[in-house]
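Now for the letters of each chain:
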Amino acid sequence: MNKLNVTHAAGCMEDFDPNSLTVDQALGRIQETVETLAGIEQVPLRSALWRISARSVTCPSAVPAHSNSAMDGYAVRSADLPSSGEKALRVIGTAWAGRPLDGRVETDQCARVMTGAILPNGADTVVMQEDCEADGDSVTLGTGHRAGQFVRAAGEDIAEGAIVVPAGKRLSPTELGLLASLGMGEVTVVRKPRVAFFSTGDELRSIGEPLQLGQIYDSNRYTLHGMLTRLGVDLIDMGVVRDEPDATGDAFSSAAAMADAIITTGGASVGDADYVTDTLRQLGSVNFWKVAMKPGRPLAFGRVGDALFFGLPGNPVSVMVTFYQFVMPALRRLMGEHDVHPMRIKARLQSDLRKRPGRLEFQRGYLTTDPDGGLSVHSTGAQGSGILNSMSQANCFIVLPLESGDVTADTLVDVEPFYGLV
Ligand code: AMP
Ligand code: MG
């Protein structure tokens, strides 16, 4: 806790709790705590999509291996390019992609070449067929050509020994193609983390069960299922756990025995039926449990045995916000990924926003492109943290800083697009 914030708390920061960490401090604690899993495995390329490379992959030999033609046309010696008028060259044969020409282009000669064909010996330049006049085995060139044009030099794409995929990279279709282009059929990746999760709450019912008065369906396990699946972890869905200390403790222990990380939702607050933070204190260790953010103030982070522990709030929107802000970067670090922070960009606000100073807020917004190419964002309206609808209508978070009060339309604000949330 730094002094500045305490001073603010006494002054205008009406919503500030001096016992909570700022979002950045909380992220810093997570960053210090989480280390990459030790296990690695070798997987075939097609199974490697969205996995994280465990080691850097270096290029075994130059790409392309040989100089080749970038166009369909004629391979010539640059000394034969006319500086004025025209020049006729004799065609000695054809070089195809995958079928090199056996021969050498001498002075006053050229060779027919196809795109991708190895450049015949003697030639150093390609003239596009559209720029030539062909007549039998004679080809006439004009002026305006440059020595070396339309030749892809050996090693131009990747030099031998260059790192093509660094360690800690999430492998996209691009990397699968890149590794395939080097003839590699397998890649070494970090093993998938096992993540156990359960909901807490006596009011929760599973789909298919009739609802009694005051009961609701458990939606958090479905959102978590989706977010975790997209991240590429192994899931252990432990269902709903009653608001009862022994049941909570048992769930903690069995989760810690099988998982690298545990996620709970609900019961993390200070109500009479909230047992998550106390159980964490008893069976593990609490790193922090309050963050100056909205939604999501009760957010417990710690350890149970060797497992990381995240006690998320119960409200469905808070679950998504805290997952994306804290759990996702933590799991990505656990998986060994290097680039784990969401992209933030500026957009012009189209609506007035209400906000009290003291907590960093993630409001739901809709980002659009203006006709002039700029970015605009407007609020999706009601920001209640129980309403998943407001997430469904949004395509970004509007991120309002801790000290900020109300924000008026036309202000430039930070937004985090949902696209690309892994
Ligand atoms: P809690 O943090 O346990 O006090 O929960 C806060 C709010 O979120 C309450 O209104 C809960 O009913 C609701 N809630 C908690 N868990 C879930 C869940 N798994 N699915 C839907 N709503 C939930
Ligand atoms: Mg509860």
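As shown above, the structure is provided for reference.
Quick summary incoming for the structure in this document.

About the cut-offs
- Residues numbered from 1 in each chain as written.
- Chains lettered and ligands numbered in written order.
- Predicted model: local features only at pLDDT ≥ 70, side-chain atom pairs only at ≥ 80, totals over all residues.
- Heavy atoms only, no water.
- Helix = DSSP H or I, 4+ residues; strand = E, 2+ residues; numbered from the N terminus.
- Rg over C-alpha atoms; globule rule 2.2 N^0.38 Å.
- Buried < 20%, exposed > 50% of the residue type's maximum accessible area, 1.4 Å probe, protein only.
- Contact = heavy atoms within 4.5 Å.
- Salt bridge = Lys/Arg side-chain N within 4 Å of Asp/Glu carboxyl O.
- Pairing = 2+ DSSP bridges.
- Axes fitted to C-alpha atoms, helices over the stretch in contact; angles between N-to-C directions.
- Polar contact = N/O pair within 3.5 Å; in protein donor to acceptor, adjacent residues only side chain to side chain.
- Near = heavy atom within 4 Å.
- Areas by Shrake-Rupley, 256 points an atom, 1.4 Å probe, with all protein chains shown as cover.
- Parallel < 35°, antiparallel > 145°, perpendicular 65-115°, else oblique.
- Left-handed = near helix turned anticlockwise from the far one by under 90°.
- Nonpolar A, V, L, I, M, F, W, Y, C, P; charged D, E, K, R; others polar.
- Arc of directions from axis to C-beta.

## Here we look at the overall build of the protein
- Per the secondary structure count, the protein includes eight helices and 26 strands.
- Compactness check: the protein gives a C-alpha radius of gyration of 31 Å against a globular reference of 22 Å for 422 residues, more than 25% above the reference.
- In terms of principal-axis extent, the alpha carbons of the protein reach across some 95 × 50 × 50 Å.
- Within the protein, the fraction of its 422 residues that count as buried is 46%.
- For the protein, long-range pairs separated by at least 24 residues make up 70% of all intrachain contacts whose partners lie at least 6 apart in sequence.

## Topic: the pattern of salt bridges
- Applying the stated criterion across every chain yields a total of 18 salt bridges.
- As a salt-bridge pair, Glu106 and Arg77 come within 3.9 Å of each other at their nearest N and O atoms. Pair noted here: Glu106 is in the loop between strand E5 (87–95) and strand E6 (109–113) and Arg77 is in the loop between strand E4 (73–76) and E5, with a separation of 29 residues, a long-range link.
- The class for Arg77 is partly exposed, based on a relative accessible area of 22%.
- Bridged by salt links that share partners, the residues Arg77, Arg104 and Glu106 form one connected network.

## Observations regarding the sheet that holds E6
- In spatial order, the strands read E7-E4-E6-E5-E9-E8; together these six strands make up an open sheet with mixed pairing. Of all the strands in the sheet, just strand E7 (125–128) and strand E8 (132–135) have a single pairing partner and so form its edges. Pairwise comparison of adjacent strand axes, ignoring direction, gives a mean angle of 35° for this sheet.
- Bridge analysis of E4 against E7 gives four bridges, and the strand direction is antiparallel. Directly across from Val76, in E7, lies its bridge partner Thr125.

## Here we look at the side chain of Gln149
- Position of Gln149 among the secondary structure elements: in the loop between strand E9 (138–141) and strand E10 (151–152).
- Gln149 gets classed as buried once you look at its relative accessible area, which sits at 9%.
- At 3.0 Å, the side chain of Gln149 forms a polar contact with the backbone nitrogen of Arg146.
- Discounting chain neighbours no more than four positions away, the residues touching Gln149 are Thr125, Val126 and Val127.

## Thoughts on the site of ligand 1
- Close to ligand 1 lie 14 residues; Glu203, Asp218, Ser219, Asn220 and Gly267 are nearest.
- For ligand 1, a nitrogen atom lies 3.2 Å from a polar atom in the side chain of Asn220.
- A distance of 3.2 Å separates an oxygen atom of ligand 1 from a polar atom in the backbone of Asn315.
- In isolation ligand 1 has 480 Å² of accessible area, and contact with the protein removes 75% of it.

## Focus: the packing of helix H2 (residues 23–33) against helix H7 (residues 316–334)
- Two elements in contact, H2 and H7, have axes separated by 10 Å at closest approach and are oriented at 25°. Taken as axis vectors, H2 and H7 run roughly parallel relative to one another. H2 and H7 meet at a crossing whose hand is right-handed. Contacts from Val23, Ala26, Leu27, Ile30 and Gln31 of H2 reach H7 at Gln325, Phe326, Pro329, Ala330 and Arg333.
- Among the residues forming the contact of H2 with H7, the class breakdown is seven nonpolar, two polar and one charged.

## Remarks on H2
- Among all positions in H2, only Val23, Ala26, Leu27 and Ile30 are buried. Here the buried residues of H2 occupy an arc of 100° about the axis, which is enough to place them on one side. Set apart from the buried face of H2 by more than 90 degrees, the exposed residues are Asp24 and Glu32.
- Where H2 is buried, its residues touch strand E18 (285–290), strand E19 (293–294), strand E20 (298–304), strand E21 (307–312), H7 and strand E23 (360–369).

## Considerations on the environment of Val126
- With respect to the helices and strands, the residue Val126 is situated in strand E7.
- Val126 gets classed as buried once you look at its relative accessible area, which sits at 0%.
- Every residue in contact with Val126, bar those within four places of it in the chain, is listed here: Ser69, Met71, Tyr74, Ala75, Val113, Leu119, Gln149, Phe150 and Val151.

## Points about the packing of helix H4 (residues 220–231) against H7
- Remark: H4 packs on H7, axes separated minimally by 11 Å, with the N-to-C direction vectors making an angle of 25°. Judged on the interaxial angle alone, H7 and H4 are roughly parallel. As for how H4 packs across H7, the hand of that crossing is right-handed. The residues of H7 that touch H4, namely those facing Asn220, Thr223, Leu224, Met227, Leu228, Arg230 and Leu231, are Pro316, Val319, Met320, Phe323, Tyr324, Met328, Leu331 and Arg332.
- Split by residue class, the contact of H4 with H7 holds 11 nonpolar, two polar and two charged.

## A short note on the pairing of strand E25 (residues 396–400)
- Burial of E25 is extensive: five of the five residues sit out of reach of the surface.
- Burial along E25 is two-sided: Cys396, Ile398 and Leu400 and Phe397 and Val399, pointing in opposite directions, are all buried.
- Pairing analysis gives five bridges linking E23 to E25, with the strands arranged antiparallel. Within E25, the position partnered with Gly365 by the bridge is Cys396.
- In the sheet, E25 pairs with strand E26 (residues 412–417) via four bridges, with the strands oriented antiparallel.

## Some details on the side chain of Gln215
- Position of Gln215 among the secondary structure elements: in the loop between strand E14 (204–205) and strand E15 (216–217).
- A distance of 3.4 Å separates a polar atom in the side chain of Gln215 from a polar atom in the side chain of Arg205.
- Beyond its immediate sequence surroundings of up to four residues, Gln215 is in contact with Glu203, Arg205 and Pro210.

Shape descriptors only; they carry no functional weight alone.
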